[in-house]
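Architecture at a glance
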Amino acid sequence: SVRAFFEAERPTEVYLAAAKVGGIRANDTFPADFIYANLMIEANVVEAAFRVGVRRLLFLGSSCIYPKFAPQPMNEAALLTSKLEPTNEPYAIAKIAGIKLCESYNRQYGASHGIDYRSVMPTNLYGPGDNYHPENSHVVPALIRRFHEAKVEGRSEVVIWGTGTPRREFLHVDDMARASVHVMNLDRARYESCTSAMESHINVGFGTDMTIAEVAETIGRTVGYTGAIHYDHTKPDGTPRKLMDSGKLLSLGWSPSVSFEEGLANAYRDFVENHS
C-alpha cells in the first residue's frame, strides 16, 4: 500500500511524522506493538520514497532516543552512549533505527542519487489534534482529559502516576511544524555545518523544563479544576529528566514562539470542542 501510494502520488518531499506513540503506560504495556509498528512505518516509507526518486525527506524522532541518565541538557552527541529508559526502550530503539536508516541511505545513495534525508528529534509535543485516550496518551493530553472530567464530575481529587518530581520539556505542535519546515529548507551546506554523516539528527526543544507536578498544577488551573492532586508513588516515574539541548537549531535561525500557558489554553479549547 505504501509503495502504491508513492507510485501514484510521486511526492517531491516527505515529512515523516507518522508513528505509533503513547505515554509511559502504553509503552510499558505494548512494547512489541511499539517497536514493530514504528520500524515498519519508517522502513516502508523511506524505502518507497527512495524508489520513486524522492530526494528530500525529514524524519521525526523523539527525545526518548537518549540514554536514561544522559547529561542534561541532552545534546545530539549523547546518542548511543549508555542504556535507555526501560519503559520506552522498544520505541526508542525504533526511532534510533529511523535516524540510522536516513543516514545509511544518505551514505550509500547521497552522491549517486542526490538524496538528502534529514532527522529532527522533538521534545514532548502537545496541542490541537492530540490523542486524548485515558490510558494510552502522553502526559499533557492525558492530564487535560483527567482534570476536565474531574471538574465536570465534581471529583475532589485527581490521581497522577509517580512522584511528580521528574522534569519534562514541552513544545507546542505549531512550533514543531515551523521547526520541521525550517530544517527542511536549510541549504545542504548549512545543515551539514552542524551535523555529520553518522550524527545527522538535530534536537528540537523549547529550552526550559518543569516538574510533572508543575505541569499538573498548570493544567488544573487552565481547566479550572479546584480539587486536590494526589501522586501515586507506587507507579513509575520514568526518566528523571529529559531536557533537550537545542543549541544547534537555535544557531540555524529557529526559536519557539508559543508559551506553555498559551499552548495549553489552545490545546484545552481543542479538547472541549472536538474530544470531550
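The paragraphs below set out a description of the structure included in this document. (Residues numbered from 1 in each chain as written. Predicted model: local features only at pLDDT ≥ 70, side-chain atom pairs only at ≥ 80, totals over all residues. Heavy atoms only, no water.)

Below, the discussion takes up the pattern of salt bridges. On inspection of all chains with the given rule, the structure shows 14 salt bridges. Measuring nitrogen to oxygen at the nearest pair gives 2.5 Å for the salt bridge that ties Arg 51 to Glu 47. Of this pair, Arg 51 and Glu 47 both sit in helix 3 (residues 31-51), separated by four residues, roughly a single helical turn. Through salt bridges that share partners, Glu 13, Arg 56, Asp 116, Arg 118 and Arg 188 make up one connected network. (Salt bridge = Lys/Arg side-chain N within 4 Å of Asp/Glu carboxyl O. Helix = DSSP H or I, 4+ residues; strand = E, 2+ residues; numbered from the N terminus.)

The next thing to look at is helix 6 (residues 173-185). Because each turn of an α-helix spans 3.6 residues, side chains separated by three or four positions in sequence point in the same direction. With 13 residues, helix 6 extends 18 Å from end C-alpha to end C-alpha; this agrees with the ideal 18 Å at 1.5 Å per step. What helix 6 keeps buried is the set Asp 175, Met 176, Ala 179, Ser 180, Val 183 and Met 184. One side of helix 6 carries all its buried residues, which in axial view fall inside an arc of 165°. (Expected span 1.5 Å × (residues − 1). Buried < 20%, exposed > 50% of the residue type's maximum accessible area, 1.4 Å probe, protein only. Arc of directions from axis to C-beta.)

Covalently bonding the sulfur atom of one cysteine to the sulfur atom of another cysteine gives a disulfide. Inspection of the entire model under this criterion finds zero disulfides. Take Cys 64: it sits in no disulfide, and the sulfur closest to it among the cysteines is that of Cys 102, at 18 Å. For Cys 64, a relative accessible area of 11% corresponds to the buried category. Looking at Cys 102, it has no disulfide partner, and the nearest cysteine sulfur is the one in Cys 194, 16 Å off. (Disulfide = S-S within 2.5 Å.)

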